[in-house]
Amino acid sequence: NLRELQTSIEVALRKRPVAPERIERMVNGIVRQLESLGETEIQSSTVGDFIMKALKGVDEVAYVRYASVYKDFRHTGDFAKFLGDEGFDEPSGKA
């Protein structure tokens, strides 16, 4: 559902410095990617993977927010491992 896709991205990007036009382009890009799969039904995990990839390229905080819900971590250690695997274990010097 397009509305659910857009809402999940908007929630991840809430209070982040990303222009609404950029969000719209991201949603449209994900929709095009999904349509190019040529499937009548698409697994939610596929949609989630496309969203994560798009968010990672736009805003790291939104990416981590989305991943924390999408990956449904059961323990803080699992989340910490994910962050380390994604290269977020070292301070980047950004404020």
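On a predicted model such as this, the values are computed, not experimentally measured, just so you know.

Caption draft 1: Representation of the overall build of the chain. Regarding its fold elements, the chain presents five helices and zero strands. Principal-axis analysis of the C-alpha atoms gives the chain an extent of 40 × 30 × 20 Å. When burial is assessed residue by residue, the chain has 26% of its 95 residues classed as buried. In the chain, once contacts between residues fewer than 6 apart in sequence are set aside, the share between residues at least 24 apart is 48%. For the chain, the exposed surface amounts to about 6800 Å²; the carbon and sulfur share of it is 49%. Both charge centroids of the chain, one from 14 positive and one from 16 negative side chains, sit 5 Å from each other.

Caption draft 2: Fine view of the nonpolar core. Judged by nonpolar contacts, the single largest core of 22 residues is most densely connected at Ile-9, Leu-13, Met-26, Ile-30, Ile-51 and Leu-55. Taken together, the elements giving at least two residues each to this core come down to α1 (2-12), α2 (20-36), α3 (44-58), α4 (60-70) and α5 (76-85). In this structure, Met-26 is in contact with Ile-9, Leu-13, Ala-54, Leu-55 and Val-58, ignoring residues within four places of it in sequence.

Caption draft 3: How the structure looks around the side chain of Asp-59. The topology assignment puts Asp-59 in the loop between α3 and α4. Residue Asp-59 is classed as buried on the basis of its relative accessible area, which comes to 8%. Excluding residues that lie within four positions of it along the chain, Asp-59 makes contacts with Leu-13, Arg-16, Pro-17 and Val-18.

Caption draft 4: Representation of α4. Inspection of α4 places Ala-62, Tyr-63, Val-64, Tyr-66 and Ala-67 among the buried residues, and these make up the whole buried set. Considering only its buried residues, α4 is in contact with α1, α3 and α5. Two to three positions downstream of the cap, the backbone nitrogen of Val-61 sits 3.1 Å from a side-chain oxygen, assigning the N-cap of α4 to Asp-59.

Caption draft 5: Focus on the environment of Glu-60. As for its placement among the helices and strands, Glu-60 is situated in helix α4. Each C-alpha atom of the pair Glu-60 and Phe-88 lies 9.2 Å from the other, and the pair is 28 residues apart in sequence.

Caption draft 6: How the structure looks around the confidence of the model for the chain. Within the chain, residue pLDDT values average 86, and 93% of them lie at 70 or more. The lowest-confidence element of the chain is α5, averaging 80 in pLDDT; the highest-confidence one is α2, averaging 94.

The rules behind these values
- Residues numbered from 1 in each chain as written.
- Predicted model: local features only at pLDDT ≥ 70, side-chain atom pairs only at ≥ 80, totals over all residues.
- Heavy atoms only, no water.
- Helix = DSSP H or I, 4+ residues; strand = E, 2+ residues; numbered from the N terminus.
- Buried < 20%, exposed > 50% of the residue type's maximum accessible area, 1.4 Å probe, protein only.
- Contact = heavy atoms within 4.5 Å.
- Areas by Shrake-Rupley, 256 points an atom, 1.4 Å probe, with all protein chains shown as cover.
- Lys, Arg positive; Asp, Glu negative; His and termini not counted.
- Charge placed at Lys NZ, Arg CZ, Asp CG, Glu CD.
- Core = buried A, V, L, I, M, F, W, Y, C linked by side-chain atoms within 4.5 Å.
- Polar contact = N/O pair within 3.5 Å; in protein donor to acceptor, adjacent residues only side chain to side chain.
- pLDDT = per-residue confidence, 0-100.

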